[in-house]
Every structure is written in C-alpha cells, then in structure tokens.
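# Fold and geometry: a report
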Amino acid sequence: MDKKLEFMQEAIRLSEQGMMNNDGGPFGCVVVKDNKIIGRGWNKVTGTNDPTAHAEVIAIRDACNTLGTFQLEGCEIYTSCEPCPMCMGAIYWARPDKVFYANTRQDAADIGFDDSMIYEELSLPFNKRKIPIETLGRDEALKIFKTWKNKSDKTEY
C-alpha cells in the first residue's frame, strides 16, 4: 500500500477514535517527516472545552514537541478533512511542505461543521463583521513592537 494512503488512513482512524470517545467532532490528523509519523491529533473541542482543540492544531503541537522546534519544514500534514480557517492559519505558521486532506469543507458542512460564515467574515472590513473589532491602546503597544524590532537576542520566526 502507498505510504501516503497509510498516513491518511491513520488520520481517518484518529478521527473515528476521537469521535467514538466523545472528545469532539470526527476529525483526525497526522504530521509526517521522513516517512514517519511524528505528530498525531484528533478533535478534542468538546472533551476539553477548548474551541481551538482541532485535530490539526493538536497534531502540529505534538509534532513540534517531538522535533523540539516551532516549524515543520520538511514535513507533510495528512488530515481527514479540509482544514478550517483557524487550522489553515496554524498550518501556514508551522510551514510544512504539503497538506493532504480527505473530506472537503462541503462534506463537513453537510454534517453540521459549516465554516462558510468565517470565510465570509474574514473578507469584510472590521466595522461590518458580526463580532465588532476595533483598535485600542495602539500607542502603548507600539512601544513593545519597537523593543522587539531592536532586540538583539530574539529568535525570529
């Protein structure tokens, strides 16, 4: 059997395991480096009362812990469903080489996991969004940014 398919089957298995344990929705993910799984995750939103505990985020955290780094260059992500906007953000920050997914966002919407509102909201100006967003305390916060910019011993990412 193709190794890529084996990795995807593990992500799908994790999606079922988490769902059957009532940890959260039916989503699983693995991170692979050099043809070896180095991170695993499944949705734990309801089991942990954490709306950010999506399979991809948990798998990324696990893989980064395994590697001792905050980036996943040289890695591939296999996820049982097309990543939501939050998970795509996490994936881009982690910088893997490639992402494979099984179910589509429409498949997820069909069972009650519809992210279309988030995609629509992100394209709107702040003052038109359902959750109001406004700037506050920028002058004070910019001082910290300036300190970061001039900090000589920082780890850039």
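Look a little higher up for the structure.
Residues numbered from 1 in each chain as written. Predicted model: local features only at pLDDT ≥ 70, side-chain atom pairs only at ≥ 80, totals over all residues. Heavy atoms only, no water.

On inspection of all chains with the given rule, the structure shows seven salt bridges. Glu 6 is the salt-bridge partner of Lys 3, the closest N and O atoms lying 3.9 Å from each other. Of this pair, Lys 3 and Glu 6 both sit in helix α1 (residues 3–20), three residues apart, which is roughly one turn of that helix. One salt bridge connects Arg 40 with Glu 10, and the closest N-O pair in it is separated by 3.0 Å. Of this pair, Arg 40 sits in strand β2 (residues 36–42) while Glu 10 is found in helix α1, placing the two residues 30 residues apart along the sequence. What emerges from the salt-bridge pattern is a single network uniting Glu 10, Arg 13 and Arg 40. (Salt bridge = Lys/Arg side-chain N within 4 Å of Asp/Glu carboxyl O. Helix = DSSP H or I, 4+ residues; strand = E, 2+ residues; numbered from the N terminus.)

Here we take up the pairing of strand β3 (residues 75–81). Counting buried positions along β3 gives six out of seven residues, so the element sits mostly inside the fold. Inspection of the sheet shows strand β1 (residues 28–33) paired to β3 by five bridges, in the antiparallel sense. Bridged to Val 32 within β3 is Glu 76. Summarising the sheet, β3 and strand β4 (residues 98–103) pair through five bridges and their orientation is parallel. Residue Ile 77 lies in a different strand from β4, and its bridge partner there is Val 99. With helix α4 (residues 85–94) bridging β3 and its parallel neighbour β4, the resulting β-α-β unit is right-handed. (Buried < 20%, exposed > 50% of the residue type's maximum accessible area, 1.4 Å probe, protein only. Pairing = 2+ DSSP bridges. Right-handed = clockwise from strand over helix to strand, strands pointing away.)

Okay, the nonpolar core next. Formed by 16 residues in total, the largest nonpolar core has its most connected members in Val 31, Ile 60, Leu 72 and Ile 77. Secondary structure elements with two or more residues in this core: β1, α3 (55–67), β3 and α4. Ranked by the residues each element gives to this core, the list is headed by α3, at five residues. With residues near it in sequence (within four places) discarded, Ile 77 still touches Cys 29, Val 30, Val 31, Ile 60, Ile 91, Pro 96, Lys 98, Val 99 and Phe 100. By size, the runner-up hydrophobic cluster in this structure holds nine residues, among which are Phe 7, Ala 11, Val 30 and Val 32. (Core = buried A, V, L, I, M, F, W, Y, C linked by side-chain atoms within 4.5 Å. Contact = heavy atoms within 4.5 Å.)

Right, let's get into the side chain of Ser 80. Turning to its location among the elements, Ser 80 is positioned in strand β3. Note on Ser 80: relative accessible area 2%, which makes it buried. Once you skip the residues sitting within four places of it in the chain, Ser 80 turns out to touch Met 8, Ala 11, Ile 12, Ser 15, Pro 26, Phe 27, Gly 28, Ala 102 and Asn 103.

This next bit is on the packing of aromatic side chains. Across all of its chains, the model carries four aromatic pairs by this definition. Relative to Tyr 78, the ring of Phe 7 lies with its centre 5.3 Å away and its plane at 55°, an arrangement referred to as tilted. Of this pair, Phe 7 sits in helix α1 while Tyr 78 is found in strand β3, placing the two residues 71 residues apart along the sequence. Relative to Phe 100, the ring of Tyr 78 lies with its centre 4.7 Å away and its plane at 15°, an arrangement referred to as stacked. In this pair, Tyr 78 sits in strand β3 while Phe 100 sits in strand β4, placing the two residues 22 residues apart along the sequence. Residue classification places Tyr 78 among the buried residues on the basis of a relative accessible area of 1%. Owing to a relative accessible area of 18%, Phe 100 belongs among the buried residues under this scheme. Members of the aromatic cluster, each reached through a chain of ring pairs, are Phe 7, Tyr 78 and Phe 100. Sitting over the face of the ring of Trp 42, Lys 44 holds its NZ or CZ atom 4.5 Å from the ring centroid. (Phe/Tyr/Trp six-rings, centres within 6.5 Å; stacked < 30°, edge-to-face > 60°. Lys NZ or Arg CZ within 6 Å of the ring centre and 35° of its normal.)

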